[in-house]
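# Inside the fold
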Amino acid sequence: MRLDKFLKISRIIKRRSVAKEVADKGRIQVNGKLAKSSTDVKIGDQLRIQFGNKILEVGIDELHESTKKEDAAKMYYIINETRVENNGN
């Protein structure tokens, strides 16, 4: 499954266009390597996503073509969630 589609279906990022933009700006790694929006992800992969002031690390548990809102969180597990201090230095 494409990375941007996984992020949308799992609801980590709400819109696929936003997921594509984040990936294409080099803010997502799959298993430690920079990933594009078209990168294929599979069960067992680990994602590291850099949002504005947050870094989210998740592992992929399940892949589905579509999910209900309540099932979306079952597609991944959170490994680490870190706040990044940006105090203007």
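Residues numbered from 1 in each chain as written. Predicted model: local features only at pLDDT ≥ 70, side-chain atom pairs only at ≥ 80, totals over all residues. Heavy atoms only, no water.

With that settled, consider the overall build of the chain. The helix and strand tally for the chain stands at 3 helices and 5 strands. Seen in sequence order, the chain has helices and strands lined up from the N terminus as α-α-β-β-β-β-α-β. Over its C-alpha atoms, taken along the principal directions, the chain stretches across nearly 45 × 25 × 20 Å. Counting the 89 residues in the chain, one finds 33% classified as buried. With the model as given, the accessible surface of the chain reaches about 5800 Å², and the carbon-plus-sulfur share is 44%. Computed over 19 positive and 13 negative side-chain charges, the separation of the two mean positions in the chain equals 5 Å. (Helix = DSSP H or I, 4+ residues; strand = E, 2+ residues; numbered from the N terminus. Buried < 20%, exposed > 50% of the residue type's maximum accessible area, 1.4 Å probe, protein only. Areas by Shrake-Rupley, 256 points an atom, 1.4 Å probe, with all protein chains shown as cover. Lys, Arg positive; Asp, Glu negative; His and termini not counted. Charge placed at Lys NZ, Arg CZ, Asp CG, Glu CD.)

Here we take up helix H2 (residues 16-24). Taken residue by residue, H2 has Ala19, Val22 and Ala23 as its buried positions. Axial view of H2: buried residues confined to an arc of 95 degrees, hence all on one face. On its buried side, H2 packs onto helix H1 (3-9), strand E1 (28-30) and strand E3 (46-50). Directly beyond the C-terminal end of H2, a positive phi value near 80 degrees is found at glycine 26. (Arc of directions from axis to C-beta. Contact = heavy atoms within 4.5 Å.)

Moving on: the environment of aspartate 45. Structurally, the position occupied by aspartate 45 is in the loop between strand E2 (33-34) and E3. Taking relative accessible area as the criterion, aspartate 45 reaches 4% and is therefore assigned buried. At 2.9 Å, the side chain of aspartate 45 forms a polar contact with the backbone nitrogen of lysine 42. (Polar contact = N/O pair within 3.5 Å; in protein donor to acceptor, adjacent residues only side chain to side chain.)

Looking now at the packing of aromatic side chains. Throughout the structure, instances matching the rule amount to 0 aromatic pairs. Here the basic side chain of lysine 54 rests over the ring of phenylalanine 51, its NZ or CZ set 5.3 Å away from the ring centre. (Phe/Tyr/Trp six-rings, centres within 6.5 Å; stacked < 30°, edge-to-face > 60°. Lys NZ or Arg CZ within 6 Å of the ring centre and 35° of its normal.)

The next thing to look at is the sheet that holds strand E5 (residues 76-83). Spatial strand order, E2-E1-E3-E4-E5: 5 strands in an open sheet with antiparallel pairing. Two strands in the sheet have a free side with no partner beyond their single neighbour: E2 and E5. One ladder, built from 2 bridges, connects E1 with E2; its direction is antiparallel. Among the inter-strand pairings, glutamine 29 is bridged to a residue of E2, identified as leucine 34. (Pairing = 2+ DSSP bridges.)

That's the geometry; what it means functionally is another story.
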